[in-house]
Amino acid sequence: MATVNPYYANLPGSYLFAEIARRVKDYAASHPDNRLIRLGIGDVTQPLVPAVVSALEKAVREQADAATFMGYGPEQGYAFLRETVAASCYAGLGIGADDIFISDGAKCDIGNFQELFAEDARVAITDPVYPVYADSNVMAGRTGKLGDDGRFQGLVYLPCTAANGFVPDLPKERVDIIYLCYPNNPTGTVLTKAQLSEWVKYARENDSVIFFDAAYEAFITSDDVPHSIYEIEGARDVAVEFRSYSKSAGFTGLRCGFAVVPPGVTGVGPDGARVPLREMWNRRQTTKYNGCPYIVQRAAEAVHTPDGQKQCRAVIDIYLKNAARIREAFLGLGLTVAGGVDAPYVWVALPDGMGSWDFFDALLTRAEIVGTPGAGFGPSGEGYFRLTGFGSPARTEEAVERLGKFTM
Ligand code: MLT
């Protein structure tokens, strides 16, 4: 008999978006007229832009010819993409191509990166939070069970609510790993340069490592909001950054992202010596990963061309406009709203005492709109609800119309 990883038993029965999909499927099965508008999971609806499609087509043709066919690629990604990323996203920030590790997406990278740390590493997450950060640490045995308070024992929770303007306080105790996601999923809020600097200072003073999830960086419209943590002095010694083409270029199905691991970011090995995380991540990726497909990396490269940038910007603007419309709709209902300005997510404070799963059910059954209950992102998400701007403009307008008629 093979004993299974016992820590999986500490997880909730299903992943948040799988649970939502299950409930929606049940509802749709008994309501086949299909009026549902899905603004729950942050999946994109606009097609790939022409620059990306051309690059894909060209790369596919290369794969069809023995003279240009490519088999296994470098596990870290092809030099053409690593160099492009370093030059386009990190010019002047001291990040080079060797620091970039191309992958099949930020979710995998951020779920896997915790493997580089000891089982007893102290982990801090913001609350509410993208569930992958918490769940991957639960699977690794860094927590106990989910308590009655909705918190995993052993994790340090940093509440982000209207009371603190959705800006987490620094941990009161020392932690080894801090997960930060800005622009934030799910609240859609951002940190200014001064606010993010406080985190870098904390990490430097406490010898902690920040996992900075910048998957929504392309949605930033406000000044004074850093696009990369490396805009902050000293971050190159304490932070790894994760980025994704999913939301910025419509790659949720194609799959491509990257991790940035500068050589100065280290942990401590069993002999007390400093170990660069870049070496460990390289070891991990070369062992467990065979690289993002060549054709996908060529498609990602096209995102950084002038045409690619212009075309992707136009799509991002569509999603931001959707988010603004959703914001207005909720404000019109007299509710307090965060996000939707520098992020595709709109985070709504529900009237006092209204549970977020109750609102999920009400919106599903009375307006046939699918959103995401805040409680699914952690205990401080209770009393909040998330809708995404990733719907099509037409469906979003229809949702706005239905919200206008919705009675709380
Ligand atoms: C979300 O809805 O929070 C995101 O789509 C999840 C993800 O990117 O994996």
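Quantities reported herein were computed from a predicted structural model and do not represent experimental measurements. (Residues numbered from 1 in each chain as written. Predicted model: local features only at pLDDT ≥ 70, side-chain atom pairs only at ≥ 80, totals over all residues. Heavy atoms only, no water.)

For the rest of this paragraph, the subject is the sheet that holds strand S2 (residues 100-103). Reading across the sheet, the 7 strands line up as S2-S8-S7-S6-S5-S3-S4 and stay open at both edges, with mixed pairing between neighbours. Unpaired on one side and paired on the other, S2 and strand S4 (156-159) mark the two borders of the sheet. For this sheet, the mean inter-axis angle between neighbouring strands, taken without regard to orientation, is 20 degrees. Docked against the sheet, helix H3 (residues 79-89) engages S2, strand S7 (239-244) and strand S8 (257-260), running at close to 120 degrees with respect to S2. Packed on one face of the sheet, helix H5 (residues 131-139) meets strand S3 (123-127), strand S5 (177-181) and strand S6 (209-213) and runs near 155 degrees to S5. (Pairing = 2+ DSSP bridges. Helix = DSSP H or I, 4+ residues; strand = E, 2+ residues; numbered from the N terminus. Axes fitted to C-alpha atoms, helices over the stretch in contact; angles between N-to-C directions. Contact = heavy atoms within 4.5 Å.)

Put simply, helix H2 (residues 50-63) and helix H9 (residues 294-303) touch, their axes get as near as 8 Å, and they point 150 degrees apart. As summarised for this structure, H2 and H9 are arranged roughly antiparallel, according to the angle between their axes. Relative to H9, the crossing made by H2 is right-handed. Counting all contacts with H2, which are made through Ala 51, Val 52, Ala 55, Leu 56, Ala 59, Val 60, Glu 62 and Gln 63, the residues of H9 involved are Tyr 294, Ile 295, Arg 298, Ala 299, Ala 302 and Val 303. Partitioned by chemical class, the residues of the contact of H2 with H9 number 11 nonpolar, 1 polar and 2 charged. (Parallel < 35°, antiparallel > 145°, perpendicular 65-115°, else oblique. Left-handed = near helix turned anticlockwise from the far one by under 90°. Nonpolar A, V, L, I, M, F, W, Y, C, P; charged D, E, K, R; others polar.)

The next thing to look at is the pairing of S5. Counting buried positions along S5 gives 5 out of 5 residues, so the element sits mostly inside the fold. As defined by bridge partners, S3 adjoins S5 across 3 bridges and the pair is classed as parallel. Across the sheet, the residue bridging to Ala 124 is Ile 178, located in S5. Where S5 and S6 come together, 5 bridges link them in parallel fashion. Bridging across to S6, Leu 180 finds its partner in Phe 212. A crossover links S5 with its parallel partner S6, the connecting element being helix H6 (residues 193-206), and its sense is right-handed. (Buried < 20%, exposed > 50% of the residue type's maximum accessible area, 1.4 Å probe, protein only. Right-handed = clockwise from strand over helix to strand, strands pointing away.)

So, on to the site of the ligand. The ligand sits among Phe 17, Ile 41, Gly 42, Lys 107, Tyr 130, Asn 185, Tyr 216, Lys 247, Tyr 345 and Arg 386. Between the ligand and Gly 42, the relevant distance is 2.6 Å, taken from an oxygen atom to a main-chain nitrogen or oxygen of the residue. One of the side-chain nitrogen or oxygen atoms of Asn 185 is found 2.8 Å away from an oxygen atom of the ligand. A total of 270 Å² of accessible area belongs to the ligand in isolation, and the protein chains cover 86% of it. Taken together, the residues of the shell around the ligand break down into 5 nonpolar, 2 polar and 3 charged. (Near = heavy atom within 4 Å. Polar contact = N/O pair within 3.5 Å; in protein donor to acceptor, adjacent residues only side chain to side chain. Areas by Shrake-Rupley, 256 points an atom, 1.4 Å probe, with all protein chains shown as cover.)

Packing of helix H10 (residues 306-332) against helix H12 (residues 393-404) leaves a shortest axis separation of 9 Å and a crossing angle of 5 degrees. Here H10 lies roughly parallel to H12, going by the angle between them. Residues Ile 318, Asn 322, Arg 325, Ile 326, Ala 329 and Phe 330 of H10 touch H12, and the partners they reach there are Pro 393, Thr 396, Glu 397, Val 400 and Leu 403. A class-by-class count of the residues in the contact of H10 with H12 yields 7 nonpolar, 2 polar and 2 charged.

Along the polypeptide, Gly 264 turns up in the loop between S8 and strand S9 (266-268). Along the primary structure Gly 264 and Leu 16 are separated by 248 residues, whereas in three dimensions their C-alpha atoms are 35 Å apart. Beyond its immediate sequence surroundings of up to four residues, Gly 264 is in contact with Arg 236 and Asp 237.

A few words on empty space enclosed by the protein. The tally for this structure, following the rule as stated, stands at 1 cavity of 30 Å³ or more. Taken as a whole, the largest cavity spans an internal volume of roughly 60 Å³. Taken together, Gln 46, Pro 47, Leu 48, Val 49, Lys 247, Ser 248, Ala 249, Gly 250, Cys 312, Val 315 and Tyr 319 make up the lining of the largest cavity. Of all elements in the fold, only helix H7 (246-249) and H10 reach the threshold of two or more residues within the lining of the largest cavity. (1 Å grid on protein atoms, 1.4 Å probe; cavity = no way out; pocket = protein on both sides within 12 Å on 5 of 7 lines; lining within 4 Å. Points joined across faces, edges and corners; volume = space filled by probe spheres on them.)

With that out of the way, let us pick up the pattern of salt bridges. Once their charged atoms are close, side chains differing in charge can pair, the charge on each being opposite to the other. Applying the stated rule across the entire model yields 22 salt bridges. Of the charged contacts in the structure, one is a salt bridge between Arg 204 and Asp 237, with a shortest N-O distance of 2.9 Å. On the criterion of sequence distance, the pair formed by Arg 204 in helix H6 and Asp 237 in the loop between S6 and S7 is long-range, its members being 33 residues apart. Judged by its relative accessible area of 40%, Asp 237 is partly exposed. Notably, a salt bridge pairs Arg 395 with Glu 398, separated by 3.1 Å at the nearest N-O pair. Placement of both Arg 395 and Glu 398 in helix H12 is noted, with a separation of 3 residues, approximately one turn of the helix. In this structure, a network of salt bridges that share partners links the residues Glu 19, Arg 22, Arg 23, Asp 26 and Asp 361. (Salt bridge = Lys/Arg side-chain N within 4 Å of Asp/Glu carboxyl O.)

A separate point is the sheet that holds strand S14 (residues 372-373). Pairing between the strands of a sheet is mediated by backbone hydrogen bonds and can be parallel or antiparallel. Spatially, 4 strands are ordered S11-S12-S15-S14 in an open sheet, and the strand pairing comes out antiparallel. In this open sheet, the two edge strands, each paired with only one partner strand, are strand S11 (336-339) and S14. With 2 bridges connecting them, S14 and strand S15 (residues 384-388) associate as antiparallel partners. By the bridge assignment, Pro 373 is partnered in S15 with Phe 385. Contacts from helix H11 (residues 356-367) reach S14 and S15, with the element oriented near 45 degrees to S15.

In this structure, Leu 364 sits in helix H11. Among the residues examined, Leu 364 registers a relative accessible area of 4% and is labelled buried. Separated by 326 residues in sequence, Leu 364 and Arg 38 have C-alpha atoms that sit 9.6 Å apart. The contacts of Leu 364, once residues within four sequence positions are left out, are Arg 23, Tyr 27, Leu 36, Ile 369 and Val 370.

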